[in-house]
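Structure at a glance
Spelled out, the chains give:
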Amino acid sequence: MPYRLDDTAADLRERLYFPEVIRGVGILMKQFLRNFFFGREKNPDMLARDRSLSQNATLQYPEERVPYPPGYRGLHRLVPREDGRPRCVACYMCATICPAQCIYIEAGELPDDPIEKYPTKFVIDELRCVVCGFCVEACPKDAIRMDSGEHAPPSYTRAAQIWDEKRLLRGPPVSYQYDPWLRRGASSIPAEKLAEMKANAKPFSTVATDEYAQTPGFSVKNLAAEAKARGETLARK
Ligand code: SF4
Ligand code: SF4
């Protein structure tokens, strides 16, 4: 139904203007005092906080911070191996798929490995990034993740938003049993360290995605299997 303008003529009180100003200030004060002393917050997590005077649940940022939920795509990090090197093998898949073209990589050869490469330069412009997560999905080595739980910090200069490999390489290391550097070994990794890395290695995931980015209870594989089963049931009818 179309909205109709109330075009009735203003009465004397409205034309005097001043009483309406007082009425407006009164409404404003009423709302202010109600919000100040009697909160209307419905969220039980917010209400659980100590609010002595009212139930207002304004977050006292930055002293008070709510952790981001699992699956939040935060600042990138380059996942380290157990020996501190990046897992990245400089394959350029993340840079190729990035719709914002904000990843720049230069590849170098490892002196103790005849096959693997590593990124001598790995730069992400976090200002241009559209936080789509494609780079994480595309990476065949689980070498780049967005599970830092942090958003890009504010800065006074654009240059501060350019994150290079030194800033990006952080967080807990990850090893998979089929990592080539574990199977072949490398002269830079001492034998005991190699044995430790092998012991800590996880079975290689079939899809190199970030497990922390998965929504609990949601599985594309399970849904696809259900859809397939439904299709087969229909075909038999
Ligand atoms: S999240 Fe998307 S836009 Fe950002 S770097 Fe990765 S692929 Fe590029
Ligand atoms: S896709 Fe992964 S392994 Fe390849 S360059 Fe990007 S981060 Fe490195």
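The model shown is predicted, which means the values in this text are computed figures rather than measured ones.

Right, let's get into the nonpolar core. Residues Ile-103, Phe-122, Ile-124 and Ile-144 are the most contacted members of the largest nonpolar core, which totals 21 residues. For this core, the secondary-structure elements that each account for two or more residues are β2 (103-109), β3 (117-125) and α5 (134-138). The residues contacting Ile-103, other than those within four sequence positions of it, are Cys-94, Ala-95, Cys-98, Phe-122, Val-123, Ile-124 and Cys-135. Judged by nonpolar contacts, the second largest core, of eight residues, contains Val-89, Leu-182, Ala-186 and Ala-201.

On to the site of ligand 2. The environment of ligand 2 is made up of 13 residues, and the closest members are Cys-88, Cys-91, Tyr-92, Cys-94 and Cys-139. Of the residues that constitute the shell around ligand 2, the class distribution is 13 nonpolar, no polar and no charged.

Applying the stated criterion to the full structure yields one aromatic pair. Residues Tyr-68 and Tyr-72 carry aromatic rings whose centres are separated by 3.9 Å and whose planes lie at 10° to one another, so their mutual orientation is stacked. In this structure Tyr-68 comes out as partly exposed when scored by relative accessible area, which is 36%. In this structure Tyr-72 comes out as partly exposed when scored by relative accessible area, which is 27%. The ring of Trp-163 carries the charged tip of Arg-167 above its face, separated from the ring centre by 3.9 Å.

Another aspect to go through is the UniProt feature "binding site: [4Fe-4S] cluster 1" (unreviewed entry) in the chain. Feature annotation in UniProt assigns "binding site: [4Fe-4S] cluster 1" (unreviewed entry) to the following positions: Cys-88, Cys-91, Cys-94 and Cys-139. These annotated residues cover 52 residues of sequence, and their C-alpha atoms all fall within 10.3 Å of one another, placing them together at a single site. Along the chain, Cys-91 turns up in the loop between β1 (77-78) and α4 (93-97). For Cys-91, a relative accessible area of 35% gives the class partly exposed. Tracing the backbone through its elements, the reader meets Cys-139 in the loop between α5 and β4 (144-145).

Mapped onto this structure's residue numbering, the UniProt feature "binding site: [4Fe-4S] cluster 2" (unreviewed entry) falls at Cys-98, Cys-129, Cys-132 and Cys-135. The named residues occupy 38 residues along the chain; their greatest pairwise C-alpha distance, 10.4 Å, places them in one compact cluster. Looking at where Cys-98 falls in the secondary structure, it is placed in the loop between α4 and β2. Overall, Cys-98 belongs to the buried group, its relative accessible area being 11%. Considering the arrangement of structural elements, one finds Cys-132 in the loop between β3 and α5.

Attention now moves to the sheet that holds β3. If you walk across this open sheet you meet the three strands as β2-β3-β5, and the pairing is antiparallel. Because the sheet does not close on itself, it has two edges, and the strands there are β2 and β5 (162-163). As defined by bridge partners, β2 adjoins β3 across seven bridges and the pair is classed as antiparallel. Residue pairing across strands places Tyr-104 opposite Val-123, the latter belonging to β3.

Attention now moves to the site of ligand 1. Lining the immediate environment of ligand 1, one finds 14 residues, of which Cys-98, Cys-129, Cys-132, Gly-133 and Cys-135 sit closest. Looking at the shell around ligand 1 residue by residue, the class counts come to twelve nonpolar, two polar and no charged.

Next up on the list: unusual backbone geometry. The backbone of Ala-90 sits at a positive phi, close to 55°, despite the residue not being glycine. A positive phi angle, close to 55°, is found at Val-131, a residue other than glycine. Mapping Val-131 onto the fold places it in the loop between β3 and α5.

Another aspect to go through is the side chain of Arg-77. Relative to the helices and strands, Arg-77 is located in strand β1. For Arg-77, a relative accessible area of 4% translates into the label buried. A polar contact of 2.9 Å, which involves the side chain of Arg-77, links it to the backbone oxygen of Arg-170. Of note is the side chain of Arg-77, whose polar atom sits 3.3 Å from the backbone oxygen of Pro-172. Not counting residues within four places of it along the chain, the set of residues in contact with Arg-77 comprises Ala-143, Ile-144, Arg-145, Asp-147, Leu-168, Arg-170, Gly-171 and Pro-172.

Quick notes on the rules
Residues numbered from 1 in each chain as written. Chains lettered and ligands numbered in written order. Predicted model: local features only at pLDDT ≥ 70, side-chain atom pairs only at ≥ 80, totals over all residues. Heavy atoms only, no water. Core = buried A, V, L, I, M, F, W, Y, C linked by side-chain atoms within 4.5 Å. Buried < 20%, exposed > 50% of the residue type's maximum accessible area, 1.4 Å probe, protein only. Helix = DSSP H or I, 4+ residues; strand = E, 2+ residues; numbered from the N terminus. Contact = heavy atoms within 4.5 Å. Near = heavy atom within 4 Å. Nonpolar A, V, L, I, M, F, W, Y, C, P; charged D, E, K, R; others polar. Phe/Tyr/Trp six-rings, centres within 6.5 Å; stacked < 30°, edge-to-face > 60°. Lys NZ or Arg CZ within 6 Å of the ring centre and 35° of its normal. UniProt positions renumbered as here; feature names shortened; annotations may be inferred. Pairing = 2+ DSSP bridges. Polar contact = N/O pair within 3.5 Å; in protein donor to acceptor, adjacent residues only side chain to side chain.

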